[in-house]
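# A structural walkthrough
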Protein chains: 2
Amino acid sequence: MSSQQHDAVSDDPAALRVNGERLWQNLMEMAAIGATDKGGNSRLTLSPEDSAGRRKFIADCQQLGMTVTSDAIGNLFCRYAGTDSRADAVVMGSHLDTQPKGGRFDGVYGVLAALEVIRTFSDAGIRPKRSVEIAVWTNEEGARFTPAMMGSAVFAGIMPLAEALERQDSDGISVERALKQEQWAGESPFGRPFDAYFEAHIEQGPVLEASQRTIGVVTGGQAIRWLDITVEGHSAHAGTTPMASRRDALLAVAAMAAELERVAARFAPEGMLTIGELTIASPSRNTIPGSITLSLDLRHPDDEVLARFDSECRLALAAVAEGRGVQVTVKQHWLSAATPFDSDCVDRVDSAARMLGYIHQRIISGAGHDAIHIAKHCPTTMIFIPCAGGISHNEAESIEPDHAEQGANVLLQAVWGRANR
Amino acid sequence: MSSQQHDAVSDDPAALRVNGERLWQNLMEMAAIGATDKGGNSRLTLSPEDSAGRRKFIADCQQLGMTVTSDAIGNLFCRYAGTDSRADAVVMGSHLDTQPKGGRFDGVYGVLAALEVIRTFSDAGIRPKRSVEIAVWTNEEGARFTPAMMGSAVFAGIMPLAEALERQDSDGISVERALKQEQWAGESPFGRPFDAYFEAHIEQGPVLEASQRTIGVVTGGQAIRWLDITVEGHSAHAGTTPMASRRDALLAVAAMAAELERVAARFAPEGMLTIGELTIASPSRNTIPGSITLSLDLRHPDDEVLARFDSECRLALAAVAEGRGVQVTVKQHWLSAATPFDSDCVDRVDSAARMLGYIHQRIISGAGHDAIHIAKHCPTTMIFIPCAGGISHNEAESIEPDHAEQGANVLLQAVWGRANR
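Note that the structure is predicted; figures quoted are calculated from it, not measured.

## A word on the packing of helix α11 (residues 343-356) of chain A against helix α13 (residues 401-419) of chain A
Residue and element names in this part refer to chain A. Contact geometry for α11 and α13: axes closest at 8 Å, N-to-C directions at 130 degrees. Relative to α13, α11 is oriented oblique. With respect to the hand of their crossing, α11 and α13 are arranged in right-handed fashion. In this structure, α11 uses D344, C345, R348, V349, A352, A353, M355 and L356 to contact α13, whose residues at the interface are N409, V410, Q413, A414, G417 and R418. Its residues assigned to classes, the contact of α11 with α13 shows eight nonpolar, three polar and three charged.

## Remarks on a negative patch on the surface
Residue and element names in this part refer to chain A. Taken together, the side chains of E270, D302, D303 and E304 present a region of like negative charge at the surface. Mapped onto the secondary structure, D302 falls in the loop between β12 (291-300) and α10 (303-324). Overall, D302 belongs to the partly exposed group, its relative accessible area being 36%.

## Digging into the relation of the copies chain B and chain A
After a rotation of 179 degrees and a shift along the axis of 0.1 Å, chain B superposes on chain A with an RMSD of 0.1 Å. Here the transformation between the copies is reduced to the relation of a two-fold axis. Taking C-alpha positions as reference, the residue of chain B nearest the rotation axis is A254 of chain B, located at 2.1 Å. Both copies share a contact surface, since 100% of the interface residues of chain B are interface residues in chain A too.

## As for the UniProt feature "domain: Peptidase M20 dimerisation" (unreviewed entry) in chain A
In the numbering used here, UniProt assigns the "domain: Peptidase M20 dimerisation" (unreviewed entry) feature to residues 224-319 of chain A. Secondary structure across residues 224-319 of chain A comprises 36% helix and 30% strand; the distance between its end C-alpha atoms is 24 Å.

## Quick word on the UniProt feature "binding site: Zn(2+) 1" (unreviewed entry) in chain A
Residue and element names in this part refer to chain A. The feature "binding site: Zn(2+) 1" (unreviewed entry), as given by UniProt, occupies H95, D106 and H201 in the numbering adopted here. The named residues occupy 107 residues along the chain; their greatest pairwise C-alpha distance, 9.8 Å, places them in one compact cluster. In this structure, H95 sits in the loop between β3 (89-94) and α4 (108-124). Filtering out sequence-adjacent residues up to four positions away, H95 remains in contact with D106, G107, V108, V111, V136, W137, E140, E141, H201 and D370. Polar side-chain contacts of H95 include one of 3.3 Å to the side chain of D106. Those residues in contact with D106 that sit more than four places away from it in its chain are H95, D97, E141, H201, I202, Q204, S392, H393 and E397.

## Some points on the pairing of strand β6 (residues 215-221) of chain A
Residue and element names in this part refer to chain A. By the criterion of burial, β6 is predominantly enclosed, with six of the seven residues buried. Bridging between β6 and strand β15 (residues 360-365) involves six bridges; their strand directions are parallel. Paired with V218 across the strands is I363, a residue of β15. Pairing of β6 with strand β16 (residues 380-385), which is carried by three bridges, proceeds in the antiparallel orientation. Bridging from a neighbouring strand, V217 pairs with I383 of β16.

Calculation notes
Residues numbered from 1 in each chain as written. Chains lettered and ligands numbered in written order. Predicted model: local features only at pLDDT ≥ 70, side-chain atom pairs only at ≥ 80, totals over all residues. Heavy atoms only, no water. Axes fitted to C-alpha atoms, helices over the stretch in contact; angles between N-to-C directions. Helix = DSSP H or I, 4+ residues; strand = E, 2+ residues; numbered from the N terminus. Parallel < 35°, antiparallel > 145°, perpendicular 65-115°, else oblique. Left-handed = near helix turned anticlockwise from the far one by under 90°. Contact = heavy atoms within 4.5 Å. Nonpolar A, V, L, I, M, F, W, Y, C, P; charged D, E, K, R; others polar. Patch = residues over 30% accessible without salt bridge, like charges linked within 9 Å, V, L, I, M, F, W, Y side chains within 5 Å. Areas by Shrake-Rupley, 256 points an atom, 1.4 Å probe, with all protein chains shown as cover. Salt bridge = Lys/Arg side-chain N within 4 Å of Asp/Glu carboxyl O. Lys, Arg positive; Asp, Glu negative; His and termini not counted. Charge placed at Lys NZ, Arg CZ, Asp CG, Glu CD. Buried < 20%, exposed > 50% of the residue type's maximum accessible area, 1.4 Å probe, protein only. Least-squares fit on C-alpha atoms with pLDDT ≥ 70 in both. UniProt positions renumbered as here; feature names shortened; annotations may be inferred. Polar contact = N/O pair within 3.5 Å; in protein donor to acceptor, adjacent residues only side chain to side chain. Pairing = 2+ DSSP bridges.

Here it is as structure tokens:
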């Protein structure tokens, strides 16, 4: 960490640097709230632990003179006033809730990097033209209430508030009741204009680590297609049915998976294919599987290429089915179009990383993030930093303090530039 | 059906023929007890329906002057006395219990074909030298209490009585309690000597139907090996993990299944291979499977060949695992040696089919049967007749009356010959 840099407060904002040690200490303080035995965090959305985390964050913001509001789904907005109070704010943010056995950085890093940016402005005694806000989105994880990214979806008009409020956790407690219990619902209007939104986040994948780069300049979110596949063969006795007269759904699915893998190779490296679920109907050790359902997750950054990828998968499935005398049906379960991020925002992140001399690369966001929803509302982008082994949603989640500092410096420069345009 | 034949009662026992119409009528009467909506049968072992079926059968036997005993596991023995009361009896039989939604012929056919044989002896006024018995084994199906083939296992000393009596159904009712409720336990000793055992049964497979033969001369039971396989890759996010850096357990399993299918082809047509169960640990549509367990059922009529088949499967699994950077472990779950049937008994069935002019073939029993246990106790064989589409354990189970008659005629001739040796 280079704590010297921030001591040299300068009139030149390009020389401004965050305090990496202070950022790390703040991350560790937040990690103490809902800490788990194995070094992770458990702050399920709208739980007492989540509220404790939010209260600590709000107290830190108020010390900097920021004003705090919330909306009816409990999204928090902490505002550092700019010199032009009528201009739309530039917003940073992410989430403070975690998986039941989550890590210390997923979401939290983006919120606390944003806080460190404001602290750095405050220490330097400077204010940008536009106000700068930090958003803490409610229920990004989707672990207690589905769907994930609920708060940003409601804010951006993607999900109706009433529908979100009705969702219940496994104990039958609704989002509405949890919001009342924890007292997070406020009156800030949904969908008020933002000038731009910047979200810093751990990569949650292995790409930056493998390429030894510390900053990912995120160009957008992948298009995703989820397919439901059913393969119908003929269930029969494993001991009495000669191999030649079988219509074994399992062996057919295995042959299909091998073909799908070949199709995916033609769309490499950007195309991704995953069979995450596979269920044999009435499975029994000595029964030839007659019916199998499986899921297929297909991804590509380009909508049109993904459509072609999908078609080629369906052709491959049909060819194997015909060759093996089984029936295959494919239904689209869900489709998410690609989300290209705003080119001005992306370029500001890229320029900041270059100016700061950090090793960076352009990258696609493979996971869902609040930024994917907010991109439908305003110019948006993200900044990734590496995480060890690409591991996330796991107590073993880990990042390097230097990378955390670098990501926050990129965030600071990108936001400062945008907030003064 | 050829009912004329049996009217011509002759001094030559080789001219004796069963009454096919009577046999069919008796099958239909039994099928009315515990009949299901879709034309099947539900007589779970030691249920009131099972007892009603047994009582009808006993009444029919008593009308023929047969004596009825049972043993402590509820196996029934109905005896048609021979002229030499000290000679060990020749035993026919099978079971009257069914699957919860079973067919009308699985087991029942063997019991009622045996009854028709005795009726034919009785009509002709003849008695063989040895007594001939009909055994009705308790809980062949294993649907209410595990394991299957319980009664014959206890009789043959393969399973201790005390262990069988303790087994409970899903309502917590033990075999012991069910036997008391339905009053089937008696004092006939386990393991008393049999001269031989003949079991007629539907094939429960498609071989005879496909080859258009009506009699299967069963030469024995297959050897079976059940293996438990675990494949460990690396679980990761479907959206953030490049294809090239994945260790996808599902795609590894698919490649393994394809290789296993190639190994099985080298042991065709007698070698059989089935993956009946496959479970992804913590399956999720957007998570690359990290750990998968699956079952492997391997069969061959020859113990030594099966051991080689097993070895080649393990080599194939290890090769795929190494190529894909996943771990594979293989454990033997269960092993059942091949059961070659007695050559004298097999030859008697073969000769009878030839003498009767029925199209027949030698065949291996792929399913478990009481005869597989009794073969450890005395010279044993089975007689198969075709069932439509090889379908069994299903309400749609179906056979041809002509085939039922032919199987009973083969049983009669084989048993008559053996009982007079």
